[in-house]
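Observations on chain architecture
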Amino acid sequence: KISAQLKKKAPSPKAETSQPAPGFKRMQIVEESDDEDEDPATPSSPSKVSNRQSSANQEPFPDIKLEFSKAGVEKAKERGNVLFAEGKVEESERWFSKAIWLVESGKVTDAPAALRSTLHSNRAFARLKLQRWQGSEEDCSEALSLNSGNVKALYRRAQARFELDRLKLALEDVEKLLPQLAPPASDRDAQELKSRILERIRENEGASATPQKGKPSTEYFELSPESKSSPSSQKAPAELFPDLKFEPNREGVEAAKNKGSQLFSSGDLTGAVRHFSKALWLMESGQVPDASSDKKWAATVQAALFSNRAFAQMKQGNWSATEEDCTKSLSFNPEGVKALYRRALAR
């Protein structure tokens, strides 16, 4: 079907002159769906992602309506804080991302550096909770470039780097952080993180077993988003998207996955991300019996879910999350060419 569609389109002059080198076959990876079960059908209405720059100019999360002003940025920040306090971490990350886009797109030009730094620091904390370590580290670095005195960003970057096993950098961050903190609480938590970093360094040097990847090794205490309603880190994590009701079993995971694919096909990218995320939450929550008894199915479905969510987030211009989801997908299926291709686009 794809070949028939391509033949109907008149080739551009550039495409006519571009030929593969002798001895090589041309590999085409397009965004239409194919016969593989893992991929949702591409929406017919939105334009295709041709390159990163063009997609970055598109408005992300169009369902979030904000005024293109400093007040709109502030509103998004406060809404993100409230959602975070309610345990709706994925939703809070979307609102912080929308606020950041308002500034980075040039729609809002009078947002002060301190506000922009706080937005990146808050999104970094949400991404820590979502175990998106790379995106969290990048946000913290951006926050610190805007406000070098943002101790929360420094603390969170140390946490993210610890999870990424960038231990020397994590140690540098926490050693910069400690003199700036007032004991006892903040100082105690940073000291504990430093101890964990040093212990991991000793384990690595001694060729000891390393902590299991993908599992958070650090608790995230008082340094929460800048809001009086910030949640206590010691509370049990709330169910992700409790409005989405699916049984905690194999059938429920597949139903959430299929619903996400249907929403993607209809152009509802936000709904698709939510459903793929819910399915992944079910798998990671320990509630699905087959997740432990049928390892082959568990690996296959998680590879597909991460790849599908990456595709939806790529369409939204959420490049950091796309890269992380593709990497996770490839950890379950190293031969996943779609995840590999999408990660290349995101990078």
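Look above for the structure.
Residues numbered from 1 in each chain as written. Predicted model: local features only at pLDDT ≥ 70, side-chain atom pairs only at ≥ 80, totals over all residues. Heavy atoms only, no water.

1. Section: helix α6 (residues 113-129)
Inclusion rule: A run of H or I in DSSP counts as a helix once it spans at least four residues, and a run of E counts as a strand once it spans at least two, with each numbered from the N terminus. Multiplying one less than the number of residues by 1.5 Å gives the expected span of a helix. Type-normalised accessible area, obtained with a 1.4 Å probe on protein chains alone, sets the label of each residue: buried when under 20%, exposed when over 50%, and partly exposed for intermediate values.
For α6, built from 17 residues, the straight-helix expectation of 24 Å at 1.5 Å per residue is met to within 8% by its first-to-last C-alpha distance of 25 Å. Here α6 lies mainly inside the structure; 13 of its 17 residues are buried.

2. Here we look at the environment of Arg-200
Along the chain, Arg-200 turns up in helix α10 (residues 185-205). Separated by 33 residues in the primary sequence, Arg-200 and Leu-167 place their C-alpha atoms 7.8 Å from one another.

3. Things to note about empty space enclosed by the protein
To find leftover empty space, one rolls a probe the size of a water molecule over the atoms. Which entries qualify depends on this criterion: In the cavity and pocket records, a cavity denotes points on a 1 Å grid over the protein atoms alone where a 1.4 Å probe fits but cannot get out, a pocket denotes an open set with protein on both sides within 12 Å along at least 5 of 7 lines, and lining residues are residues with an atom within 4 Å of a point. Grid points are joined across faces, edges and corners, and a volume is the space filled by probe spheres set on the points. Throughout this entry, Asp, Glu, Lys and Arg are counted as charged residues, while Ala, Val, Leu, Ile, Met, Phe, Trp, Tyr, Cys and Pro are counted as nonpolar. The remaining residues, Gly among them, count as polar.
One pass over the structure, following the stated rule, counts 2 cavities of 30 Å³ or more. As a volume, the largest cavity reaches approximately 50 Å³. Lining the largest cavity we find Phe-61, Glu-90, Glu-93, Arg-94, Arg-132, Thr-270, Val-273, Gln-313, Gln-316 and Asn-318. Only α5 (89-104) and α12 (269-284) provide two or more residues apiece to the lining of the largest cavity. Residue composition of the lining of the largest cavity, grouped by class: 2 nonpolar, 4 polar and 4 charged.

4. Some words on helix α9 (residues 167-177)
An α-helix turns once per 3.6 residues; consequently, residues spaced three or four apart project the same way. Note the following rule: What the arc covers is the set of directions going from the helix axis to the C-beta atoms.
Every buried residue belonging to α9 is among Leu-167, Ala-170, Leu-171, Asp-173, Val-174 and Leu-177, and all of these are buried. Down the axis of α9, the smallest arc covering the buried residues is 160 degrees, so these residues share one side.

5. Digging into the pattern of salt bridges
The following threshold applies: In what follows, salt bridge is the name for a side-chain nitrogen of Lys or Arg lying within 4 Å of a carboxyl oxygen of Asp or Glu.
Taken as a whole, this structure holds 23 salt bridges when the rule is applied. Three or more residues joined by partner-sharing salt bridges are found here, namely Glu-90, Glu-93, Arg-123, Arg-127, Arg-132 and Asp-139.

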